[in-house]
Amino acid sequence: MLDVKDPTVQAALRQASDEAGLPDYLRSCVYPLLREPEGEWPSCCGGGCQPCSATLVDVAARTLTLLGTPRVAPLPL
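A short tour of the structure in this document, coming up. Being a predicted model, the structure only gives us computed values, none of them experimental. (Residues numbered from 1 in each chain as written. Predicted model: local features only at pLDDT ≥ 70, side-chain atom pairs only at ≥ 80, totals over all residues. Heavy atoms only, no water.)

### Regarding the overall build of the chain
Then, in step 1: Along the chain, the regular secondary structure elements total three helices and zero strands.
Then, in step 2: Along the chain, from the amino end to the carboxyl end, the secondary structure elements read α-α-α.
Then, in step 3: For 77 residues, the compact-globule formula gives about 11 Å, and the C-alpha radius of gyration of the chain, at 11 Å, lands near that figure.
Then, in step 4: Principal-axis analysis of the C-alpha atoms places the extent of the chain at approximately 35 × 25 × 15 Å.
Then, in step 5: When burial is assessed residue by residue, the chain has 32% of its 77 residues classed as buried.
Then, in step 6: Summarising the internal contacts of the chain: among those between residues at least 6 apart in sequence, 65% fall at separations of at least 24.
Then, in step 7: When the accessible area of the chain is evaluated, it comes to approximately 4600 Å², of which 56% is carbon and sulfur surface.
Then, in step 8: Across the chain, 6 positive and 9 negative side-chain charges occur, with their mean positions spaced 4 Å apart. (Helix = DSSP H or I, 4+ residues; strand = E, 2+ residues; numbered from the N terminus. Rg over C-alpha atoms; globule rule 2.2 N^0.38 Å. Buried < 20%, exposed > 50% of the residue type's maximum accessible area, 1.4 Å probe, protein only. Contact = heavy atoms within 4.5 Å. Areas by Shrake-Rupley, 256 points an atom, 1.4 Å probe, with all protein chains shown as cover. Lys, Arg positive; Asp, Glu negative; His and termini not counted. Charge placed at Lys NZ, Arg CZ, Asp CG, Glu CD.)

### Side note on helix α3 (residues 53–66)
Then, in step 1: Over its 14 residues, α3 extends 20 Å from the first C-alpha to the last, a length consistent with the 20 Å expected when each residue adds 1.5 Å.
Then, in step 2: Taken as a whole, α3 has its buried residues at Ser 53, Leu 56, Val 57, Val 59, Ala 60, Ala 61, Thr 63 and Leu 64.
Then, in step 3: Of the residues one or two after α3, Gly 68 is the one with positive phi, at around 80°. (Expected span 1.5 Å × (residues − 1).)

See the structure below:
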């Protein structure tokens, strides 16, 4: 399990969030995905939620890639 407060994780999350346009105040929404990187991740419900779970999944996947630990489990469709 990743320590989401680790400075290296925070730096990767910041970069991934910036790339995806996820505001600073929503970064903590990605923490559960990073804590269980191979667990079940949500998919977009099509309801226009903000932030969309697809964006959170994209940021989490990019963060893991930046950390050199890309997700192995299938990404949700």
